[in-house]
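Examination of the molecular architecture
One letter stands for each residue in the lines below.
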Protein chains: 2
Amino acid sequence: MFTGLSAFPLTPLTREGVDEVAHAGLTARLVDASVDSITALGSTGSYVYLDRASRARVARLTVENAGSIPVAVGIGALSTRAVLEHAEDAQNAGAAGVLLAPVSYQPLTPDDVFGLFEDVTRELSVPLAVYDNPATTHVTFTDELYAAIAALPNVASIKIPPAAASRVPELKGLLPSGITLGISGDAAAATGLAQGCDAWFSAIGGTLPLLAQGIARPARAGDHPAALRESARLQPLWDLFAEHGSYRVIAAIAEHLELVTRPSLPRPIRGLPDETRVRLAAVLKFVAA
Amino acid sequence: MFTGLSAFPLTPLTREGVDEVAHAGLTARLVDASVDSITALGSTGSYVYLDRASRARVARLTVENAGSIPVAVGIGALSTRAVLEHAEDAQNAGAAGVLLAPVSYQPLTPDDVFGLFEDVTRELSVPLAVYDNPATTHVTFTDELYAAIAALPNVASIKIPPAAASRVPELKGLLPSGITLGISGDAAAATGLAQGCDAWFSAIGGTLPLLAQGIARPARAGDHPAALRESARLQPLWDLFAEHGSYRVIAAIAEHLELVTRPSLPRPIRGLPDETRVRLAAVLKFVAA
């Protein structure tokens, strides 16, 4: 489940809720590009901003439209009670795996984080990927916490942040052998894969899957220099991600390509300002060349 | 509404949901201690961990049990849509005001934060207090953002973090004259009040209201040296807050006094470890002396 290119699509939203037509269109692009898996309701899929019914609906729609491609579903929420509800809904929708970030409001202690994964993995019948995303959760995973959580039942993978790309061999040494490591932060993908990551949890892959395959395919074939060259070519895109966050930039890409209607992100999140969209259009023209 | 001692009670929880008997008991203590207002569903009231129905119920119960004491209700949530729902529920419950923190997952820009307050204040018919709590929201309010939000309709107060206690006169200079400033972070309360804060948004006041009145009453009478002396006497309590967060310490106090049943906090939050509870019991004996 958690190997290769896992594409994280947007959840296109309108004032009325999930735009199901646009959602189907985004999923079809992922099927056409033969991504290895789809993760619905990742950070790029706006999971934390949606209510339970919308999340259950998106999980179901993604599984229905993904054909034979396995679908993982993000189940994170502020309360453990809500996480368990989302886990139940995802499994009922036919998810082949789940992704869990320790979403926080009150700062979480390592005991809180371990306890969350303990409470949730106990109830699962599908594999789970641990979503370490310090920029949104403000949780710092120590190596000890990684190891303790990786030893829990049903834990299959850890989605590591870009800063950990250089530590992949070391991390592999301290985790059980069955646990895969997936890089996140698209700018670090080629480096992470070259360092031995088994998966790329890709934000850009959810909207521009062929662009992502331009890195994922040579990496899978062992041609890491080619993957790194392609990543370097995309640097103007990574620069925009660094300045504005991949979430807002990718939504603006999908809006620019008319894959979704603008505004596609949930309030309070505002999309990119118009002047940045002009720059983005030029970058897109360049990277597509 | 947002002046004097505003007490922030816990929302006592059991596995089944809100413990309504314990909740009524906590509210009665606040009525007996004649606090100036009650803020239900603040951070201390676990608001972000509760679903919509539980939050609406707590708002209603608090108003019912508060007698003539005005009740404000925390309405923060990750999505603007949910905030608007909570605002509607709070007003329908009879809240005299609302409190809004810009709860975040994706980092919020100043435009996002301003837009949130713009979208919400437009719909309100009661006054709103802006809840600036960087430790939980990870939002930094600049002076410009304070001023822009304070100019919106229905904005009545800003709940400032402890680090801003020394800047009260300066902040008052740049805000419209009708806006009150309330100090938060109980250890900074006496300082904030001495600096000219109009209100103390008090976590400890929600559970030990007489202890809080020991600071609030001399401050209200203009005897700031007495308020500062009393605050200094409570330093062992503030030390525990600094080490473990007021949220966990106050829940442990309420559990120790059997005002609520243990565990009273929502998972994934775990309560204080037992060894810290032993220390807490000694501190409570000392401060009550």
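Residues numbered from 1 in each chain as written. Chains lettered and ligands numbered in written order. Predicted model: local features only at pLDDT ≥ 70, side-chain atom pairs only at ≥ 80, totals over all residues. Heavy atoms only, no water.

As recorded by an unreviewed UniProt entry, chain A carries the name 4-hydroxy-tetrahydrodipicolinate synthase and is attributed to Kineosporia succinea.

What follows is about the packing of helix α11 (residues 235–244) of chain B against helix α12 (residues 246–256) of chain B. All names here are of chain B. Closest axis-to-axis distance for the α11/α12 pair is 7 Å, and the angle between their directions is 125°. Overall, the two elements α11 and α12 adopt an arrangement that is oblique. From α11, Leu-237, Leu-240, Phe-241 and His-244 reach across to α12, where they touch Ser-246, Arg-248, Val-249, Ile-250 and Ile-253. (Axes fitted to C-alpha atoms, helices over the stretch in contact; angles between N-to-C directions. Helix = DSSP H or I, 4+ residues; strand = E, 2+ residues; numbered from the N terminus. Parallel < 35°, antiparallel > 145°, perpendicular 65-115°, else oblique. Contact = heavy atoms within 4.5 Å.)

So, on to the interface of chain A and chain B. Chain A puts 36 residues into the contact, and the matching count from chain B is 36 residues. A combined buried area of about 3100 Å² lies between chain A and chain B, and 51% of that area is made up of carbon and sulfur atoms. The interface formed by chain A and chain B holds six salt bridges in total. Asp-119 of chain B serves as the salt-bridge partner of Arg-270 of chain A, at 3.2 Å between the closest nitrogen and oxygen. The interface formed by chain A and chain B holds 24 residue pairs in polar contact (both at pLDDT 80 or more) in total. Every element with two or more residues in the side of chain A that touches chain B is listed here: α3 (80–93), α4 (110–121), α5 (134–137) and α12 (246–256) of chain A. (Buried area = accessible area lost by both parts, 1.4 Å probe. Salt bridge = Lys/Arg side-chain N within 4 Å of Asp/Glu carboxyl O. Polar contact = N/O pair within 3.5 Å; in protein donor to acceptor, adjacent residues only side chain to side chain.)

Residues and elements named next belong to chain A. The side-chain alternation of strand β5 (residues 71–74) yields two buried faces, one formed by Val-71 and Val-73 and the other by Ala-72 and Gly-74. The sheet contact formed by strand β4 (residues 37–40) and β5 spans three bridges and is parallel. Paired with Thr-39 across the bridge in β5 is Ala-72. The handedness of the β4 to β5 crossover, carried by helix α2 (residues 52–65), is right-handed. (Buried < 20%, exposed > 50% of the residue type's maximum accessible area, 1.4 Å probe, protein only. Pairing = 2+ DSSP bridges. Right-handed = clockwise from strand over helix to strand, strands pointing away.)

Superposition record for chain A on chain B: RMSD 0.0 Å, screw rotation 180°, translation along axis 0.0 Å. The superposition operator between the copies reduces to a two-fold rotation axis. Here 100% of the contact residues of chain A are again contact residues in chain B; the copies associate through an equivalent surface. (Least-squares fit on C-alpha atoms with pLDDT ≥ 70 in both.)

One closed barrel holds the eight strands; their spatial order is β1-β4-β5-β6-β7-β8-β9-β10 (chain A), and the pairing between them is parallel. Neighbour-to-neighbour, the strand axes of this sheet turn through a mean angle of 25°, independent of strand direction.

This model, assessed by the stated rule, comprises 10 aromatic pairs over all chains. Taken together, a centroid distance of 5.9 Å and an interplanar angle of 80° make the contact between Phe-8 of chain A and Phe-201 of chain A edge-to-face. Note that Phe-8 of chain A is positioned in the loop between β1 (4–7) and β2 (13–14) and Phe-201 of chain A in strand β10 (residues 199–202), a separation of 193 residues in sequence. Residue Phe-8 of chain A is classed as buried on the basis of its relative accessible area of 3%. On the basis of relative accessible area, Phe-201 of chain A is assigned to the buried category, the value being 2%. Each ring, one from Tyr-105 of chain A and one from Tyr-47 of chain B, has its centre 5.4 Å from the other, and the planes form 80°; the classification is edge-to-face. Residue Tyr-105 of chain A is found in the loop between β6 (97–100) and α4, and its partner Tyr-47 of chain B is found in the loop between β4 (37–40) and α2 (52–65); the two belong to separate chains. With respect to class, Tyr-105 of chain A is no different from Tyr-47 of chain B; both count as buried. (Phe/Tyr/Trp six-rings, centres within 6.5 Å; stacked < 30°, edge-to-face > 60°.)

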